[in-house]
Every structure is written in C-alpha cells, then in structure tokens.
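As a plain string of letters, each chain reads:
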Amino acid sequence: MKPVRILHIVHTLNRGGMESRIMDLYRNINHDKYQYDFYVESGKSGMFDDEVKRLGGRVYQSKGIRRYNIPDFKAFHQFITIHPEYKIVYAYNQWAGFYLKEAKKCGVPYRIANARTSIQTKSLRNIVKNLVKLNVNRYSTHRFAVSKKAADWLFGKKLVDVGDIKIWPNAIDTQKFIFSEMVRNEVRNELGLGTAFTVIHVGNIRFEKNHLFLLQIFAEVKKKYSDAKLILIGGGDIEMLKPQITKLRIDNSVIYLGIRQDIPRLLQAGDVFVFPSIYEGFPGAVLEAEASGLNCLISDSITDEVILTDHIAALSINDNPQKWACAIEAFNKIDRKNAWKTIKNANFDIKDLVIRTENFFDGFV
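Residues numbered from 1 in each chain as written. Predicted model: local features only at pLDDT ≥ 70, side-chain atom pairs only at ≥ 80, totals over all residues. Heavy atoms only, no water.

A. Spotlight on unusual backbone geometry. Here the phi dihedral of Asn93 falls at roughly 60°; this positive angle occurs in a residue that is not glycine. Its location among the elements puts Asn93 in the loop between strand E4 (88-92) and helix H4 (96-105). In this model, Asn210 sits at a positive phi of 65°, which is unusual for a non-glycine residue. By the secondary structure assignment, Asn210 is in the loop between strand E8 (198-202) and helix H10 (211-224). (Helix = DSSP H or I, 4+ residues; strand = E, 2+ residues; numbered from the N terminus.)

B. Region of the structure containing the side chain of Asp349. You can see Asp349 is positioned in the loop between helix H15 (339-345) and helix H16 (350-362). Within the buried set, Asp349 has no salt-bridge partner at all; the shortest N-O distance to an opposite charge, 4.2 Å, is to Lys344. In terms of polar contacts, Asp349 uses its side chain to reach the side chain of Thr174, at 2.4 Å. The residues touching Asp349, leaving out its near neighbours within four places in the chain, are Ala171, Ile172, Asp173, Thr174, Ile343 and Lys344. (Buried < 20%, exposed > 50% of the residue type's maximum accessible area, 1.4 Å probe, protein only. Lys, Arg positive; Asp, Glu negative; His and termini not counted. Salt bridge = Lys/Arg side-chain N within 4 Å of Asp/Glu carboxyl O. Polar contact = N/O pair within 3.5 Å; in protein donor to acceptor, adjacent residues only side chain to side chain. Contact = heavy atoms within 4.5 Å.)

C. Inspection of the layout of surface pockets at higher detail. Estimates place the volume of the second largest pocket at around 360 Å³. Taken together, 21 residues make up the lining of the second largest pocket; nearest its centre are Arg184, Asp271, Asn295, Lys333 and Arg336. Considering every element that reaches the lining of the second largest pocket, the biggest residue donor is helix H9 (residues 181-190), with 3 residues. Here the residues of the lining of the second largest pocket sort into 9 nonpolar, 5 polar and 7 charged. (1 Å grid on protein atoms, 1.4 Å probe; cavity = no way out; pocket = protein on both sides within 12 Å on 5 of 7 lines; lining within 4 Å. Points joined across faces, edges and corners; volume = space filled by probe spheres on them. Nonpolar A, V, L, I, M, F, W, Y, C, P; charged D, E, K, R; others polar.)

D. Summary view of the nonpolar core. If you look at the biggest cluster of nonpolar residues, it comprises 64 residues, and the most contacted ones within it are Tyr39, Phe76, Val89, Phe155 and Phe273. What Phe76 contacts, discounting residues up to four positions off in sequence, is Leu7, Ile9, Tyr39, Val89, Tyr99, Glu102 and Ala103. Among the nonpolar cores identified, the runner-up in size contains 29 residues, and Phe48, Tyr90, Leu353 and Val354 belong to it. (Core = buried A, V, L, I, M, F, W, Y, C linked by side-chain atoms within 4.5 Å.)

E. Focus on the sheet that holds strand E5 (residues 110-115). An order of E3-E2-E1-E4-E5-E6-E7 is seen for the 7 strands of this open sheet, with the pairing classed as parallel. Since the sheet does not close on itself, it has two edges, and those belong to strand E3 (59-61) and strand E7 (166-167), each with one partner. As paired strands, strand E1 (residues 4-10) and E4 are joined by 3 bridges and run parallel to one another. Looking at E4, one finds that His8 is bridged to Tyr90. (Pairing = 2+ DSSP bridges.)

F. Layout of the side chain of Ser62. For Ser62, the location among the structural elements is in the loop between E3 and helix H3 (73-81). A polar contact is formed between the side chain of Ser62 and the backbone oxygen of Glu41, at a distance of 2.6 Å. Not counting the four nearest positions on each side in its chain, Ser62 is found in contact with Tyr39, Val40, Glu41, Ser42 and Gly43.

G. Fine view of empty space enclosed by the protein. For the structure on display, the rule yields 1 cavity of 30 Å³ or more. In this structure, the largest cavity encloses a volume near 250 Å³. Leu25, Asn114, Arg116, Trp168 and Leu353 are the residues nearest the centre of the largest cavity, which is lined by 19 residues in total. Broken down by secondary-structure element, the contributors of at least two residues to the lining of the largest cavity are helix H1 (17-28), E4, strand E6 (142-145) and H16. Each residue belonging to the lining of the largest cavity can be placed in one class, and the counts come to 13 nonpolar, 4 polar and 2 charged.

Here it is in structure tokens:
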C-alpha cells in the first residue's frame, strides 16, 4: 500500500522555527504510512530540500512571490489541479485561508490551518497580516495551533474557548540535548571562548526577534562580565546589526555563526539563553535551550506555556536593558545534565507528538 502524501505549504525549506519543527516531525513519522511533500511559495531552494528527498518526500518550487510580497495563489490552484493525489493540505499563519480556498475549489477534502505565531504589535505590516488572516476559518476543515496565544490570533478567541482548535505545542527530540561537559569544552575551545561568560541566542535576524534590544542587553551584561561573549545563531543579514554593534562597542564580543545544523551541540557552550522576542507562537528555540539545561531569560510577550522548568524567567521588553542584565546576573548554577528529562516528562518529546499526529491522520484513511 502506498503512503498517504500530505502537502505542506512553506515559504522556504530553510532552518526557520516553523520549518525545523515540521522537519522534526517528518523525520520521525512512519514513512510507510505517511509522506510529507512541500510546496515552496518563494520558489527558492532551501537547506532541507535534499533531506526531504532522501526521506522520500517531494519538493515543488512555485513561480515565486508576486509584488508586495503576496504569494501567487493562482499558481497554487494550477498546481493542485494537476496533483489530485493530495487529500490533505497544510497551510500556515495569515495566508492559510487563501491557500485553503484554492484547495477547496480543487476538491481537497481535508484542509488544515496551523497557527504558529502570535502577532501583538500594530505596525503597518502587522495590520495587513491581521486583515489577510480573516478568511481562514471559512476554508479550513481542521485547525491547529502551537499555543493558545497563536490560536487566539489566527482563529479568534471564540473558537478557542469552545474547544474547536487543537493546541499541540512544538516538540523536540529531547535526547539530542543531553548535557555533556566534554562537548561543552570542545565547543568552547572551537569558538575561542575560554572562561568567558557566554550569552547565546538562536533566531533568524528578523523584526520580531528583537535583535537590536538583545544587543543592548548584552552591552549591559558586558559591564558586569568584562570578558562576556554573545553567540548569535540563525539566518538573516548580520550587516543590519553592525551599526548597533559598533555603537555599543561590542564588536570584538559578538560571534555570529549564521545558520547551523548542530544547534544541540552549540547550546552546550552557553551560560545563559536570552530571547527577547516581540511576539512568538511557541518558540522551539526556547524549548531546546531549556532541554540543554541553560538558564533562559525570555520576554513575557511569549506564551507562558513554554515555561517548563525552574531555570527560566520572563521580563517585559518595555523593561530597560539594565534590568534584563541584572536578571541574567541573578541566575544560579543549575544541574544541566537532567534538564532534558524535565522536557520529556512534560510531554514535549517528538515521539509523543508523532503518536498524536499519526492517530490524527489515521482518521482520514
């Protein structure tokens, strides 16, 4: 019997938070029963493309984004028309309703919308996102979210309150994050950290990740730990941050590693994880940092569903950088070796999510 092929619509198959979590699930799902295929709306190749193909999946590149950063929904309609094998389609965040509308026109019976972010700010860009999301409930047959905040934003509080949304938080392969003193020393030697107090952050350089504020926080940390280092991991244009780095006189203290595939290993080298996002859905990066045993300081705009251990604290991004630096200084040493068990026992291990997901798909076949 051939596996059921499930189509996911993504922007690019790169190491973003959403894409990484989809891949975590895809790696562990039963490929004899279910296969993930990907429709890439940007039309650009990504770092996960080859792995998807090795696992038996397919990657379809669209014609790319139209003017004003609007996806080409007409091209998607044409794609679905010539691929009637897809009975299950996943679309994400604000554009989900438009993709699922085309899927409905083409007779796709199971149209899943997945909320993976929670936009709170009122910039022009976010006002547009808040408008384009409005038809998602009309065209989706099933609705998922990684947190209650994300569900409230995309689907509306009313549907959440009546239990119409499945809230399934992100999950990780917790055993990859077991702390090792030997690995920690290896990575610190490779990066030339010596005994420096090390702040680490994982996130693409994007508005919502709030890197400019992160740099201000680190500059204050430097006043307390003169040899401190900041490790930045993620994609994006580091040149956008250079003026701020120079202004704060921390040029020699910031280590930019870009997109990496060895994040579980790199996290071992840190002393504290700082994540001052303006908004998030359910950040897998924080989950990974907690599992690795790092003390974590996050913004309180992030759902408190991610606070799973006693070595994580939240502050407002309206608090000044000095307060964040003081909170970092106040962290105590912890037993890092067993932190991963806490995350696993809280049912945030990928194997638990795989069972849930397969049981859900079993209802369609």
